[in-house]
Amino acid sequence: MTDRDATRLPGSFPRVRMRRNRASAWSRALVREHALTPADLIWPIFVQEQDGRTPIASMPGQDRLGPDVLVDAVGRAAELGIPAIALFPYVTDDKKTEACEEAWNPDNLVCRSLRAIRAAGLQIGLICDVALDPYNSNGHDGLVVDGRIVNDPTLEALCKQAVTQADAGGDVQAPSDMMDGRIAAIRDALDAADHHDQAILSYAAKYASAYYGPFRDAVGSGGALKGDKKTYQMDPANTDEAVREAALDLAEGADLLMVKPGLPYLDVLRRVRHELGAPTFAYQVSGEYAQLCAAAANGWLDREKVVLETLLCFKRAGADAVLSYFAVEAAGLLARG
Ligand code: PBG
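Attention here is on the structure that accompanies the text. (Residues numbered from 1 in each chain as written. Predicted model: local features only at pLDDT ≥ 70, side-chain atom pairs only at ≥ 80, totals over all residues. Heavy atoms only, no water.)

A few points about unusual backbone geometry
Glycine aside, the phi torsion of most residues is negative, and most peptide linkages are trans. Here the amide bond leading from Phe13 into Pro14 is cis, since omega sits at 15°, within 30 degrees of zero. Following Lys260, the chain continues into Pro261 via a peptide bond in cis, with omega recorded as -5°. In this structure, Pro261 sits in the loop between strand 10 (256-260) and helix 9 (266-276). Within the chain, Met178 stands out as a residue other than glycine whose phi angle is a positive 65°. Mapped onto the secondary structure, Met178 falls in the loop between strand 8 (172-175) and helix 6 (182-192). If you check the backbone angles, Asp194 has positive phi at about 65° while not being a glycine. Structurally, Asp194 is set in the loop between helix 6 and strand 9 (199-206). (Helix = DSSP H or I, 4+ residues; strand = E, 2+ residues; numbered from the N terminus.)

Encoded structure:
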């Protein structure tokens, strides 16, 4: 039944009273169309070289995790029933170059983190970001030549990065760079390296959004960034283009799709999920996290309620899973009931 059929069902007041089904908790439970469970959540984690935790000022409650605390934190997420985490590295300035070689250094921070989590035998999926920005001295996701972000040379770098991360124990390579042709190139490179079972999660529709600000603080790429990302990330004004991007990525071999940011782009999520019928994730990004934290800290919103409500809204719009910095908190709330 389409949305329109549903609104055309016959009947009218006073025989029809929509409030009957809402009248008690038991009947609300029976007619509930969507549910949020810990299995819907993916936790993005920031990792750092040195031991300990470093708070991220613009993302209160999220810390960069050092090698000594990472495995325990991931173990706690696994215990809560969170199926996967996504790793993002804080790369120090001395390791950033124009050629971004650190991205495919088999001993870089991401690879060491992957190996440590693998060695602990945790049952949790490991999603790796594929993009050059943390390693790039100019903060861009692609290689920059004469002030332009060059597509095809970037593909070669991304392939090396993806294969290196797969070698280190990643399960899913998630290109977030928005270069053209990257899914096919990465698929071929993974297959050539015998990583046939490595999945690709495409950030298929990633918008040039102001909501990424706190993330750039968290990975330390904001200061380096020269200019903006509008020549590769999408224009927030467009939706047909998002469906085309996602269709192309599926044709190139993507296993999973993502739409990003999250809540302000639920219309895009819904279209991509329903028109293409492929598993589609949403990313509740750093700025959305910061926004809710700030309002809750001021006492203007009830944090727990609004966190669970926003995550449920992603499910209603069609998301198969949601990347969220609230993942651990929300899974804890769901476990408490
Ligand atoms: C970069 C990347 C970004 C995010 C994930 N991967 C930022 C950007 O494109 O500048 C944003 C995530 C967030 O804001 O939470 N490859």
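Right, picking up where we left off after that structure.
Digging into the site of the ligand
Close to the ligand lie 18 residues, the nearest being Arg216, Lys229, Lys260, Ser286 and Tyr325. A distance of 3.2 Å separates a nitrogen atom of the ligand from a polar side-chain atom of Asp141. Within the side chain of Ser286, a nitrogen or oxygen atom sits 2.7 Å from an oxygen atom of the ligand. Across the complex, the protein chains shield 100% of the 400 Å² of accessible surface that the ligand would expose by itself. (Near = heavy atom within 4 Å. Polar contact = N/O pair within 3.5 Å; in protein donor to acceptor, adjacent residues only side chain to side chain. Areas by Shrake-Rupley, 256 points an atom, 1.4 Å probe, with all protein chains shown as cover.)

Some words on the nonpolar core
One finds Ile45, Phe46, Ile85 and Tyr283 to be the most contacted residues of the largest nonpolar core, which totals 104 residues. With seven residues, helix 5 (residues 151-167) is the single largest residue contributor to this core. Apart from the residues within four sequence positions on either side, Phe46 is in contact with Ile56, Met59, Asp63, Arg64, Leu65, Phe88, Phe215, Ala218, Val219 and Tyr325. (Core = buried A, V, L, I, M, F, W, Y, C linked by side-chain atoms within 4.5 Å. Buried < 20%, exposed > 50% of the residue type's maximum accessible area, 1.4 Å probe, protein only. Contact = heavy atoms within 4.5 Å.)

Some details on the pairing of strand 4 (residues 84-89)
By the criterion of burial, strand 4 is predominantly enclosed, with six of the six residues buried. Of the two faces of strand 4, the one holding Ala84, Ala86 and Phe88 and the one holding Ile85, Leu87 and Pro89 are both buried throughout. Bridge count between strand 4 and strand 5 (residues 125-130): four bridges; the pairing is parallel. Note that in strand 5 the partner of Ile85 across the bridge is Leu126. Remark: the strand 4/helix 4 (residues 109-119)/strand 5 crossover connection has right-handed handedness. (Pairing = 2+ DSSP bridges. Right-handed = clockwise from strand over helix to strand, strands pointing away.)

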